[in-house]
Amino acid sequence: MLKNSNRRSFIKQAVFASASLSVFSSFAKPVLLPKKELFKISLGQWSLNRSIKSGKINSLDFPMIARKTYGVDAVEYVNQLFMDKAKDQNYLSELKKRADDNDVKNLLIMVDQEGDLGDPNEMKRQQSIENHYKWVDAAKSIGCHSIRVNAYSQGSYEDQLKYASDGLRKLTEFGAERGMNIIVENHGGMSSRGDWLAALMQNVNHPRCGTMPDFDNFQVSEGNRYDRYKGMKEIMPWAKSVSTKAHDFDKKGNETTIDFKKMFEIVLEAGYDGYVSAEYEGKRLSEEDGIKATIKLMEKVREELS
């Protein structure tokens, strides 16, 4: 027990400390938490396809280039640029190592040229499904969350929906067993119709199946272009990844054919806040300058919408 004099001294000190803290608090500046970015920027490997195909760039160096040249921390691969490496564990291990060494996330592999998941012929459809298995495993081995596939088919609107739903559902079930997503890009044919792709998602109805909306791939066939803004609104509810597309820029740095701000408003209204890939496919600028211009535009729009 404290003696009376010590108790009085203790109380005085406590009161003084409390008052001092109160005065200090009244002058203290509020702590400002960092503002959360509306979306994150990744880099699509197809933007560098000419340099990789020509041998100017080694595909294994893509993660390092993404980080050091473009300042992004996530990438999306294209299987066309390493078609023979799906089962090459040495290659895949090295690719993952280089991504890890540069603190870059591997997000997905875009898979092409493995047959039509909606082929009307059941045997060919099944073969296409199985052709994708190796890419699911390859993507998982390097830390991706998804593979991007195409939903190509033939026949009427209804027939293509039926066949593609069957193929996509079966591949999705395979992916789900491995904790992987199967996502469809609007990439020509019926998949470039937002209403058809939305119906496909409803048919498959699986949490591991989603979309990868692309800003520009809404040409169904020659002379038949679907409204890109309408299409984006229709397929964004299932988005597990999003891709921009830039071809050229005006003097203000805006894309000359696509309203990026309008597109990003649609993306954000859908509640999406993940990675959006920068993809440049123009010819006037070099690949490097085009990619940098695309990223700069994405950053400008992000700031405007914030």
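(A) Geometry of the overall build of the protein. On a plain count of helices and strands, the protein comes out with 10 helices and 10 strands. Residues counted as buried form 49% of the 306 residues belonging to the protein. For the protein, restricting intrachain contacts to residue pairs at least 6 apart in sequence, the fraction spanning at least 24 positions comes to 78%. When the accessible surface of the protein is split by element, carbon and sulfur atoms take 50% of a total near 15,600 Å².

(B) Local environment of the pairing of strand 4 (residues 146-149). What you see with strand 4 is no split at all: Ser146 and Arg148 on one side and Ile147 and Val149 on the other are buried throughout. Bridge analysis of strand 3 (residues 105-110) against strand 4 gives 3 bridges, and the strand direction is parallel. Among the inter-strand pairings, Ile109 is bridged to a residue of strand 4, identified as Ile147. Handedness of the crossover is the feature at issue here: the chain leaves strand 3, passes through helix 5 (residues 122-141), returns alongside strand 4, and the resulting connection is right-handed. In this sheet, strand 5 (residues 181-185) lies alongside strand 4 in parallel orientation, the contact comprising 4 bridges.

(C) Representation of the confidence of the model for the protein within the structure. For the protein, per-residue confidence averages 92 on the pLDDT scale, and 89% of positions sit at 70 or higher. Between residues 1-12, whose pLDDT stays under 50, and residues either more than four places distant or in other chains, the model counts 2 contacts. Taken together, the stretch residues 14-28 has pLDDT below 50 and engages in 0 contacts with residues farther than four places along the chain or on a different chain.

(D) Expanded view of helix 4 (residues 89-101). A rise of 1.5 Å per residue sets the reference length of helix 4, with its 13 residues, at 18 Å; its end C-alpha atoms lie 18 Å apart and thus fit the reference within 8%. The inward-facing, buried residues of helix 4 contact helix 3 (62-70), strand 2 (74-78), strand 3 and helix 5. Where helix 4 ends, the next residue or the one after it, Asp103, has phi of about 55°, a positive value.

(E) Seen up close, the pattern of salt bridges. Under the definition given, this model contains 27 salt bridges. Residue Asp248 is joined to Arg284 by a salt bridge in which the shortest nitrogen-to-oxygen separation is 2.7 Å. Pair noted here: Asp248 is in the loop between strand 9 (242-243) and helix 9 (260-269) and Arg284 is in the loop between strand 10 (275-278) and helix 10 (287-305), with a separation of 36 residues, a long-range link. For Arg284, a relative accessible area of 55% corresponds to the exposed category. Beyond isolated ion pairs, a larger network of salt bridges with shared partners links Asp214, Lys245, Glu279 and Glu281.

(F) Fine view of the nonpolar core. In terms of nonpolar packing, the biggest core is built from 89 residues, with Tyr77, Ile109, Leu168, Leu200, Phe215 and Phe260 touching the most fellow members. Non-local contacts of Leu200, meaning those with residues more than four positions away in its chain, are made with Ala151, Leu161, Ala164, Ser165 and Leu168.

(G) A look at the packing of aromatic side chains. Under the criterion given, the structure shown has 10 aromatic pairs. Ring geometry for Phe39 versus Phe264: centroids 4.3 Å apart, planes at 10°, classification stacked. Here Phe39 is found in the loop between helix 1 (4-27) and strand 1 (40-44), whereas its partner Phe264 is found in helix 9, with 225 residues between them in sequence. For the pair Phe39 and Phe264, one class covers both residues: buried. Members of the aromatic cluster, joined through ring pairs, are Phe62, Tyr77, Phe82, Tyr91 and Trp135. Just above the ring of Tyr229 sits the side chain of Lys262; from NZ or CZ to the centre is 4.3 Å.

(H) Summary view of the packing of helix 7 (residues 194-204) against helix 8 (residues 228-235). In the contact formed by helix 7 and helix 8, the axes pass within 8 Å of each other and the chain directions differ by 10°. Comparing the axis directions of helix 7 and helix 8 gives the class roughly parallel. Contacts between helix 7 and helix 8 pair Gly194, Asp195, Leu197 and Ala198 from the former with Gly231, Glu234 and Ile235 from the latter. Across the contact of helix 7 with helix 8, the residue classes tally to 3 nonpolar, 2 polar and 2 charged.

(I) Region of the structure containing the environment of Arg178. Note on placement: Arg178 falls in the loop between helix 6 (157-177) and strand 5. Residues Arg178 and Val136, spaced 42 residues apart in sequence, show a C-alpha to C-alpha distance of 8.2 Å. Leave out the neighbours within four places in its chain, and Arg178 touches Val136, Asp137 and Lys140. Among the polar contacts listed, one links the side chain of Arg178 to the side chain of Asp137, at a separation of 3.1 Å. Within the structure, the side chain of Arg178 is placed 3.4 Å from the side chain of Glu177, a separation counted as a polar contact.

(J) Structural view of the environment of Lys245. Within the secondary structure, Lys245 is located in the loop between strand 9 and helix 9. Between the C-alpha atom of Lys245 and that of Tyr280, which follows or precedes it by 35 residues, the distance is 5.8 Å. Residues within four places of Lys245 in sequence aside, it is in contact with Asp214, Phe215, Asp216, Asn217, Glu255, Ile258, Phe260, Glu279 and Glu281. One polar contact links Lys245 to Asp214, side chain to side chain, over a distance of 3.3 Å. A polar contact of 3.1 Å, which involves the side chain of Lys245, links it to the side chain of Asn217.

About the thresholds
Residues numbered from 1 in each chain as written. Predicted model: local features only at pLDDT ≥ 70, side-chain atom pairs only at ≥ 80, totals over all residues. Heavy atoms only, no water. Helix = DSSP H or I, 4+ residues; strand = E, 2+ residues; numbered from the N terminus. Buried < 20%, exposed > 50% of the residue type's maximum accessible area, 1.4 Å probe, protein only. Contact = heavy atoms within 4.5 Å. Areas by Shrake-Rupley, 256 points an atom, 1.4 Å probe, with all protein chains shown as cover. Pairing = 2+ DSSP bridges. Right-handed = clockwise from strand over helix to strand, strands pointing away. pLDDT = per-residue confidence, 0-100. Expected span 1.5 Å × (residues − 1). Salt bridge = Lys/Arg side-chain N within 4 Å of Asp/Glu carboxyl O. Core = buried A, V, L, I, M, F, W, Y, C linked by side-chain atoms within 4.5 Å. Phe/Tyr/Trp six-rings, centres within 6.5 Å; stacked < 30°, edge-to-face > 60°. Lys NZ or Arg CZ within 6 Å of the ring centre and 35° of its normal. Axes fitted to C-alpha atoms, helices over the stretch in contact; angles between N-to-C directions. Parallel < 35°, antiparallel > 145°, perpendicular 65-115°, else oblique. Nonpolar A, V, L, I, M, F, W, Y, C, P; charged D, E, K, R; others polar. Polar contact = N/O pair within 3.5 Å; in protein donor to acceptor, adjacent residues only side chain to side chain.

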